[in-house]
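Close look at the chain arrangement
Residues per chain, in single letters:
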Amino acid sequence: MKSIGSLLSEDQRESLKRNWHKFSTNPLSIVGLITVLTITFMAIFSPWIAPYPQSWGRWIDFSQASLPPSWKHPCGTDIYGRDILSRIMFGFRYDLLMAVCILAMVVPSGTFLGLVAGYYHGTWIDTVIMRITDIFLAIPSLVLALAICALLEPSLFNSMMAVSLLWWPWYSRLAYSLTSSIRNEYFVQAAELIGANPLYIMFREILPNCLSPIFTKMTLDVGWVILIGSTLSFVGLGAQEPMPALGNMVAVGSKYMPDYWWMTIFPALAIAFTILGFNLLGDGIRDLLAVEEI
Amino acid sequence: MVEGEILVVEDLRKYFKTAQGVVRAVDGISFSIKEGETFGLVGESGSGKSTTAFTIMGVYEPTGGRIFFKGKPLIGGVKKRPLSLKKDMQMVFQDPGSSLNPRKSIREIIELPLKVHKLYRGKERKRAEELLRMVGLPVEFLDRYPRAIGGGEKQLVAIARALATEPSFIALDEPTSALDVSMQAKIINTLLRIQEELNLSYLFITHNLSLMRNVASRVGIMYLGKLLEVAPASEFFHKPLHPYTKMLLSSVPVITEEEEKLKPKKIVSRGEIPSPVNVPPGCTFHPRCPECMEVCSKKEPVMIEIEPGHTVKCHLFNS
């Protein structure tokens, strides 16, 4: 028994090594991975590694106000004298937290609906779920999010709700198309002929075979969710001052363009790098899984 | 219902609606399978033989006709059938690559029917080992995943899964067509041995006629959703009656001269199986038939019994 266990772990080690090799052949994937790891590290440890941790909140030091980038403040300071680099690190924290919360709401619910609709392909259940999905997809997502945020009180929580509401249909569509094709595989028919119940077939037979595309989409989506969240806070409907979300830092800074360019450019670059990093990583994972599937 | 018949199919029909029109995949076929025998269903691709198996098993709901299993009628598709029935009827699919879930270990795959039917509780592992031994696979396979074993071994696992609930009837849908020749022999021998040990009844579907000779006790020839000839296997190969049967038999490749002599007079097979959407009128085989008569394109022949157990559907014998 023990020998089988050690054999298996060796097998897994071997496949891990092989996958890493495949992943690392594309330098862009490595760039993505490093970017994502750096951003995540800064987000988690921002209170300890930020050069001016007090800059995250209501902190005013007019003696340091609106300083251009220097050795002391690599990204400059804002009009209240807060260090922008520190605020960007905290900004990663809020933006990543937002993305994780949104995906944690959107992925399970969207996948569940798509799975059910795909399993009951061609029945009224399919029709109801997928037509509702289509309706949500038909509304331009940003317009819907803006409408919801404007209706409710602008806050980080409400903007998260709004983005979730417009994001789940993509997962339900993805899970639907995967399920519709997997349910015709012989192993699903075999489980049906054996008499396994529909829940077992959906969650234990079909779902495990849908996970890798869904996981890939999740990685790619982190960037886009951050972008749309930033857009909302840019127009003043997301996170509110003094909370250092990247979007509202760009918004606040843009009032002082072009003289105090660093107030806008650095948070905007941070957004761009975040999205780029997650997209490169997602592409790498997608290539990896696509090869593995065959 | 005759004593000893495990499965009776009466006038079974399965139509599919498609964009091109209604496809009559199975169009009024009747046959019966006796306990412990292998009924072979032969036909070209698209003749409806797999659809027949899927309809009997309940993957498709029949458009018409009746199926009796152990004397009781089977109603509707698999979702409406009682659990006890699913325990008693199992199926082995054509493509072993897709019939095992790639995300599950062989153990999980074989133990699933035991768990669903609450059999061998607490002894699932022992039963799974026993099943693997029964199909001639090493017990170590239990902890492997389908991607780590070969195509023939996958098919043996699929057979072990089908046997798990101790069924009395198994539908085998071209169980060897996706495998290489050496593996085919192993699987056929395993199936025959298990049949003898457990007194199983098989519905064996294939397009390989020489395989039929070794496996089936009775054979039915299917063409465009209809049965053209049903006969005991020995008679079938020595005294084929239907021109289509003769055509199929004469196209079987042989090696020795003696075998060549056993074959019916060479009939060149011509044409291809027409689209099942646009079935020829009268006898569906008449456009390809070397002995086509005037009546063939006008009237459909009826199934008649020439000798006990040997029936044929052809105007040559209808007079």
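Worth saying up front: this structure is predicted, and the values here are computed from it rather than measured.

Observations regarding the overall build of chain B
When helices and strands are counted, chain B shows 11 helices and 12 strands. Taking 2.2 N^0.38 as the reference for a compact globule, 319 residues should give roughly 20 Å; the C-alpha atoms of chain B span a radius of gyration of 20 Å, in line with that estimate. When burial is assessed residue by residue, chain B has 54% of its 319 residues classed as buried. Across chain B, contacts joining residues at least 24 apart in sequence account for 64% of those joining residues at least 6 apart. Put simply, chain B shows about 14300 Å² of open surface, and 52% of that area lies on carbon and sulfur atoms.

Things to note about the packing of aromatic side chains
Taken as a whole and assessed by the stated rule, the structure comprises 21 aromatic pairs over all chains. With centroids separated by 5.0 Å and ring planes inclined at 45°, the aromatic side chains of A:F41 and A:F45 adopt a geometry described as tilted. In this pair, A:F41 and A:F45 both sit in helix 2 (residues 27-49), 4 residues apart, roughly one turn of the helix. Consider the rings of B:F31 and B:F39, whose centres lie 4.7 Å apart with planes at 0°: the pair is stacked. Take B:F31 and B:F39: they sit in the same class, and that class is buried. One aromatic cluster is present, formed by A:Y186, B:F16, B:F54, B:Y60 and B:F93 through successive ring pairs. Across the ring face of A:Y171, the terminal group of A:K217 is positioned such that the distance to the ring centre comes to 5.4 Å. Here B:R213 stacks its cationic end above the ring of B:F237, 4.6 Å away from the centre of that ring.

Some details on the confidence of the model for chain A
Predicted confidence across chain A gives a mean pLDDT of 87, with 95% of residues reaching 70 or more. With pLDDT under 50 throughout, residues 1-5 of chain A is counted as low confidence; its partners more than four residues away or in other chains account for 1 contact.

Observations concerning the sheet that holds strand 11 (residues 304-307) of chain B
Residue and element names in this part refer to chain B. Strand order in this open sheet of 8 strands is 6-7-8-3-9-10-12-11, and the pairing throughout is mixed. The sheet terminates laterally at strand 6 (89-92) and strand 11, the two strands that pair on one side only. Looking at each pair of strands side by side, their axes are set apart by 20° on average, direction ignored. Sheet topology note: the strand 3 (residues 38-42)/strand 8 (residues 201-206) ladder contains 5 bridges and is parallel. Within the sheet, the bridge partner assigned to G40 lies in strand 8 and is F204.

Details of the nonpolar core
Nonpolar side chains in soluble globular proteins tend to be buried together. Of all hydrophobic cores here, the largest spans 77 residues; its most connected members are A:I84, A:I88, A:F92, A:W167 and A:I206. The dominant element in this core, judged by the number of residues it contributes, is helix 3 (residues 84-119) of chain A, at 17 residues. When near neighbours in sequence (up to four residues on either side) are disregarded, A:F92 contacts A:I39, A:M42, A:A43, A:L97, A:L246, A:A270 and A:T274. Formed by 58 residues, the second largest nonpolar core is a distinct cluster that contains B:A164, B:I170, B:V219 and B:Y244.

Each value, and the rule that gives it
- In this numbering scheme, every chain counts its residues from 1 along its sequence in written order.
- Each chain gets a letter, beginning with A, and each ligand a number, beginning with 1, in the order they are written.
- Two thresholds apply to this predicted model, a pLDDT of at least 70 for residue-level local features and 80 or more for giving and counting side-chain atom pairs, whereas whole-chain, interface and lining totals are computed over all residues.
- To get the side-chain values, all heavy atoms of the structure are used, and hydrogens and water are removed first.
- Only DSSP runs of H or I with at least four residues qualify as helices, and only runs of E with at least two residues qualify as strands; both kinds are numbered from the N terminus onward.
- Computation of the radius of gyration draws on C-alpha atoms alone. For the globule rule, the value is 2.2 Å times the number of residues to the power 0.38.
- Exposure is judged per residue with a 1.4 Å probe applied to protein chains only, and the accessible area is read against the type maximum: over 50% gives exposed, under 20% gives buried, and values in between give partly exposed.
- Here, residues are in contact when the closest pair of their heavy atoms is within 4.5 Å.
- Under the convention used here, a 1.4 Å probe and the Shrake-Rupley method define accessible areas, while residue burial counts only the protein chains that appear.
- Pairing of aromatic rings covers Phe, Tyr and Trp, the last through its six-membered ring, and needs centres within 6.5 Å; plane angles under 30 degrees mean stacked, over 60 mean edge-to-face, and all others mean tilted.
- Both a distance and an angle decide whether a charge sits over a ring: NZ of Lys or CZ of Arg must be within 6 Å of the ring centre and within 35 degrees of the ring normal.
- For every residue, the pLDDT score states the predictor's confidence, bounded by 0 at the bottom and 100 at the top.
- Any two strands with at least two DSSP-identified bridges between them are counted as paired.
- The axes are straight lines fitted to the C-alpha atoms, using for helices just the contacting stretch, and the angles between their N-to-C directions are given from 0 to 180°.
- Residues belong to a common nonpolar core when they are buried Ala, Val, Leu, Ile, Met, Phe, Trp, Tyr or Cys residues joined through side-chain atoms within 4.5 Å.

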